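As a plain string of letters, each chain reads:
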Amino acid sequence: MDDRVDERVRQAYDERAEEYAAALGSMAAVHPSDRARVESWAAACDGLLVDAGCGPGHWTAHLAGLGHRVVGLDVVPRFVDIARRSAPDVSFRVATLEATGLGAGSAGGVLSWYSLVHHDPEAVPDALAEFRRVTADGGGLLVGAFSGAALEPFDHAVTAAWRWPTDRLAAVIDEAGFAVVDVEERADAGVRPHLAISAVRVR
Ligand SMILES: C[S@@+](CC[C@H](N)C(=O)[O-])C[C@H]1O[C@@H](n2cnc3c(N)ncnc32)[C@H](O)[C@@H]1O
């Protein structure tokens, strides 16, 4: 196993993969505005989409159903099994965000939907470096995460997660070699505040 992967995260999701899939692993559980955002982001990308940290694979399958060429990857084999069972015609692989196994410049876009939320802040650049490596020049990156006024960890149902001030995460994405093109913040009653950052790979 890649020693840059947090074993605590891998194990926590492994133990709760079925539970997570039942609660959150469908497009019915997705906020309508997230669905619209991911769909329009994907439509603007050219080439292979990578659902990085795909969990049970609902985004991957959804994007495939819209006609995109897409691969879902996750560090938790149990998630990949669940994803393959529910979408047998879609491509999934066990891999890490830090070492995707994909070729340099092979992707038109990387979707990192809540897959960096458990990374300690100092570990985020390694994953972003890999996203940059696999993304073609001008390709897209879309990150969804928890937002907050301060960069701080909090207790999450699976394992500790981080909330990010949007401008701080945008700065880290920018430093990794992407130009931020759009940010969204959403705070709905009863759910944790959300952010989405869309960026494109620059030379
Ligand atoms: C909060 S879940 C999000 C899953 C899915 N993207 C979604 O929107 O429901 C975080 C996912 O990231 C995966 N993950 C976390 N760290 C990872 C790493 N270093 N490499 C690959 N996958 C990772 C976890 O296994 C889990 O499936």
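Our subject is the structure that appears above.
Residues numbered from 1 in each chain as written. Predicted model: local features only at pLDDT ≥ 70, side-chain atom pairs only at ≥ 80, totals over all residues. Heavy atoms only, no water.

1. A few points about the site of the ligand
Right, so step 1: Surrounding the ligand, one finds 21 residues, the nearest of these being Tyr20, Gly53, Asp74, Leu97 and Trp113.
Right, so step 2: Here an oxygen atom of the ligand sits 3.5 Å away from a polar atom, N or O, in the main chain of Gly55.
Right, so step 3: Note that an oxygen atom of the ligand is positioned 2.6 Å from one of the side-chain N or O atoms of Asp74.
Right, so step 4: Considering the ligand on its own, with 590 Å² of exposed area, one finds that the protein chains cover 96% of that surface.
Right, so step 5: Elements that contribute at least two residues to the shell around the ligand include exactly helix H1 (7-24) and helix H3 (58-65).
Right, so step 6: If one sorts the elements of the shell around the ligand by residue count, H1 sits on top with three residues. (Near = heavy atom within 4 Å. Polar contact = N/O pair within 3.5 Å; in protein donor to acceptor, adjacent residues only side chain to side chain. Areas by Shrake-Rupley, 256 points an atom, 1.4 Å probe, with all protein chains shown as cover. Helix = DSSP H or I, 4+ residues; strand = E, 2+ residues; numbered from the N terminus.)

2. With respect to the pattern of salt bridges
Right, so step 1: Applying the stated rule across the entire model yields 15 salt bridges.
Right, so step 2: The shortest N-O distance in the salt bridge between Arg8 and Asp6 comes to 2.7 Å.
Right, so step 3: Overall, Arg8 belongs to the partly exposed group, its relative accessible area being 33%.
Right, so step 4: Look at Asp6 and you get partly exposed, because its relative accessible area is 27%.
Right, so step 5: In this structure, Asp137 and Arg201 form a salt bridge, with 2.4 Å as the shortest nitrogen-oxygen distance. (Salt bridge = Lys/Arg side-chain N within 4 Å of Asp/Glu carboxyl O. Buried < 20%, exposed > 50% of the residue type's maximum accessible area, 1.4 Å probe, protein only.)

All we've got here are geometric facts, nothing functional implied.
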